[in-house]
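Listed here are the chains, written in short residue letters.
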Amino acid sequence: MVGVLLGNGDGTFQTAVTYNSGGLLAEGITVADVNGDNKLDLIVANNCLDTDCPNSGGALGVLLGNGDGTFEEAATYRSGGVDAYSVAVGDLNADSRPDLLVANCGSSVGCADGGIVAVLLNNTPFCTAPPVITLSTTPTSLWPPNGRMVPVTVSGTITNTGCTVTTPAYAVTDEYGQIQPSGAITLDSAGNYSFIVLLQASRLGTDLDGRQYTITVRASDNAGNPGSASAIVTVPHDQRR
C-alpha cells in the first residue's frame, strides 16, 4: 500500500489516504510526471508482483496523479528481476520523456547472481502540441438585413493525438457589442461537434464593410496546451459585399 498525507501548509498533515501500490511489499517510491500532463505521479517499487512471492518477481506500480492530491489505480509493470526495492527517474534516451530505473536484488529467486538494474523506457505519447481545431459556418453571410434572428450552424472537429481534449467552448464577438453568445461544446467520440447560434441579420447603413460576427472555438488538452480557430459571419452592406 501507499499512503498519501496531504500537507496543511503549517507543518501538519491530513489523515493518510491509502492506495494499492501495484504489487506486494512496497519498498521504494519516487514522484515524477510520467505522462506529460503537468500533474505529479507516483512510482512504487514492490518486492513482488503477487502472492506467489518471490517467484512472481518484482513489480513497479505507476499511480497517475489527478492534480488534486488524489491518484488513479496503479498500473503494474514487471521490474525486470526479483525483490525490486528502489526506483529512480531520468530521461535516458533524450526523447524528453522520463524513463524508469529499478534496482532489483537479482534476476532470480535467491539473488545468487547479484543485483540487477532494469530500465523501462517511456513510450507515453506526450501532449506537446495544442489541439487541432477545424471550424466552418453555414451560412457565412446573412441576407437580407431584415433584423431577423438567423440560425447559423457551426461545425468542425477538435482532435489531439495521444492527448485528452478538455474544456471545448465557443464565443461570438459582435463588432457592435450587442449579440455575443457563448457556451460549452459537446464532442462525439471522434472529436466532431455541431451547434447552432442565433445571429441578427441587421447592420448600420454607414457600415460599408458590413456587420461582422467572429465565432471562435477554443479547447485545451490535459497538458494545458491551448488551441483555437475562428470564422466570420457577415451581414454585408449590399449583396455585392
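Residues numbered from 1 in each chain as written. Predicted model: local features only at pLDDT ≥ 70, side-chain atom pairs only at ≥ 80, totals over all residues. Heavy atoms only, no water.

> What should I look at first to understand a nonpolar patch on the surface in this one?
On the surface, Leu92, Val117, Val119 and Leu121 cluster together into a nonpolar patch covering about 370 Å² of accessible area. Relative to the elements of secondary structure, leucine 121 occurs in the loop between strand S9 (116–120) and strand S10 (132–138). By relative accessible area, which is 52% here, leucine 121 ends up exposed. (Patch = residues over 30% accessible without salt bridge, like charges linked within 9 Å, V, L, I, M, F, W, Y side chains within 5 Å. Areas by Shrake-Rupley, 256 points an atom, 1.4 Å probe, with all protein chains shown as cover. Salt bridge = Lys/Arg side-chain N within 4 Å of Asp/Glu carboxyl O. Helix = DSSP H or I, 4+ residues; strand = E, 2+ residues; numbered from the N terminus. Buried < 20%, exposed > 50% of the residue type's maximum accessible area, 1.4 Å probe, protein only.)

> Teacher, can you tell me more about the nonpolar core here?
When a protein is soluble and globular, its nonpolar side chains tend to lie buried together. Leu142, Tyr193, Val197, Leu199, Tyr213 and Val217 are the most contacted members of the largest nonpolar core, which has 23 residues in total. Those elements that provide at least two residues to this core are S10, strand S11 (149–159), strand S12 (165–174), strand S14 (192–200), strand S15 (211–221) and strand S16 (226–235). Discounting chain neighbours no more than four positions away, the residues touching leucine 142 are Val150, Val152, Leu199, Gln200, Ala201, Tyr213, Val233, Thr234, Val235 and Pro236. Membership of the second largest hydrophobic core comes to 12 residues, among which are Ile43, Leu60, Leu100 and Leu120. (Core = buried A, V, L, I, M, F, W, Y, C linked by side-chain atoms within 4.5 Å. Contact = heavy atoms within 4.5 Å.)

> When you look at the sheet that holds strand S3 (residues 24–32) in this model, what are you seeing that I'm missing?
With antiparallel pairing, the 4 strands of this open sheet are ordered in space as S3-S4-S5-S6. At either end of the open sheet lies a strand with only one pairing partner, and these are S3 and strand S6 (75–78). On average, each strand axis in the sheet is inclined to that of its neighbour by 25 degrees, with strand direction left out of account. As defined by bridge partners, S3 adjoins strand S4 (residues 41–48) across 7 bridges and the pair is classed as antiparallel. Of the residues in S4, the one forming a bridge with threonine 30 is isoleucine 43. (Pairing = 2+ DSSP bridges. Axes fitted to C-alpha atoms, helices over the stretch in contact; angles between N-to-C directions.)

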